[in-house]
Amino acid sequence: MSLSAVHGTLSSLKSCQADIGTAMDIVTNVAIDLAEARGVGSERQRKTLKLTLLDEDIAVTQTQDNFFCPLTQVEMVNPVKNKKCNHCYDEAAILNLIKTRHNQKKKCRCPVVGCENTDVRKSDLVLNKLLWRKIESQKRQSNRT
Ligand SMILES: [Zn+2]
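Residues numbered from 1 in each chain as written. Predicted model: local features only at pLDDT ≥ 70, side-chain atom pairs only at ≥ 80, totals over all residues.

Okay, the overall build of the protein chain next. Helices and strands together make up the secondary structure of the protein chain, namely four helices and three strands. Starting at the N terminus, the α and β elements of the protein chain follow one another as α-α-β-β-α-β-α. Evaluated residue by residue, the protein chain yields a buried proportion of 11% over its 145 residues. Pairs at least 24 apart in sequence give 54% of the contacts found in the protein chain among residues at least 6 apart. (Helix = DSSP H or I, 4+ residues; strand = E, 2+ residues; numbered from the N terminus. Buried ≥ 20, exposed ≤ 12 C-beta atoms within 10 Å, placed from the backbone. Contact = placed C-beta atoms within 7 Å.)

What follows concerns unusual backbone geometry. Most peptide bonds are trans, and most residues other than glycine sit at a negative phi. Of note, Q73 is a non-glycine position whose phi angle comes to about 60°, a positive value. At K105, a position not held by glycine, the phi torsion is positive, near 60°. Of note, K105 is situated in the loop between α3 (91–103) and β3 (125–127).

Let's shift gears to the sheet that holds strand β1 (residues 79–82). What the three strands build is an open sheet, ordered β2-β1-β3; its pairing is antiparallel. Bordering the open sheet on either side are β2 (88–90) and β3, each of which pairs with just one other strand. Averaged over all neighbouring strand pairs, the angle between strand axes comes to 40°, with direction disregarded. With three bridges joining them, β1 and β2 adopt antiparallel strand pairing. (Pairing = 2+ DSSP bridges. Axes fitted to C-alpha atoms, helices over the stretch in contact; angles between N-to-C directions.)

Take F67: it is sitting in the loop between α2 (43–61) and β1. A tally of 17 C-beta atoms within 10 Å means that F67 is categorised as partly exposed. Separated by 68 residues in sequence, F67 and I135 place their C-alpha atoms 6.8 Å apart. In contact with F67, other than residues within four places in its own chain, are E75, M76, I135 and Q138.

So, on to the nonpolar core. In terms of nonpolar packing, the biggest core is built from ten residues, these being C69, M76, V80, C88, Y89, A93, I94, C108, C110 and V120. Within the residue set of this core, elements represented by two or more residues are β2 and α3. Aside from chain neighbours lying at most four places away, what touches Y89 is C69, P70, L71, V80, I94 and P111. (Core = buried A, V, L, I, M, F, W, Y, C linked by C-beta atoms within 7 Å.)

All right, on to the environment of C85 then. Tracing the sequence through the fold places C85 in the loop between β1 and β2. Judged by the 14 C-beta atoms lying within 10 Å of it, C85 is partly exposed. Taking C-alpha positions, C85 is 9.8 Å from V112, a pair spaced 27 residues apart along the chain.

Written out as structure tokens, the structure is:
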């Protein structure tokens, strides 16, 4: 086999690897959504499925996320993302802040330092599923040790 043939095979293998990575991501999400949608198994079984898939997620992404809520400074339980400015907060904390500010007839500023979003609304908040899963996985790992 010539050197260029080896090189060609190697690069096609590499592109395969990338495809497999993407496919795994899709499979993971689909599996979780299916289990949730169909109500497969008990709550415990579903949780096990999620956690099994979580470890692979972590290995694939390897990114360091901030799990701490800018409001409470503790690890988030239900992380939500602001669609407008992409900042994350713990759901209970941000809803509480919005309520307090609105009761004072004021707009709720994004609590993240330096953020220019001066009007945070409940409708701007979406569950940050990815972050939630990472937090769950981290919890599991720290329980193990
Ligand atoms: Zn913000």
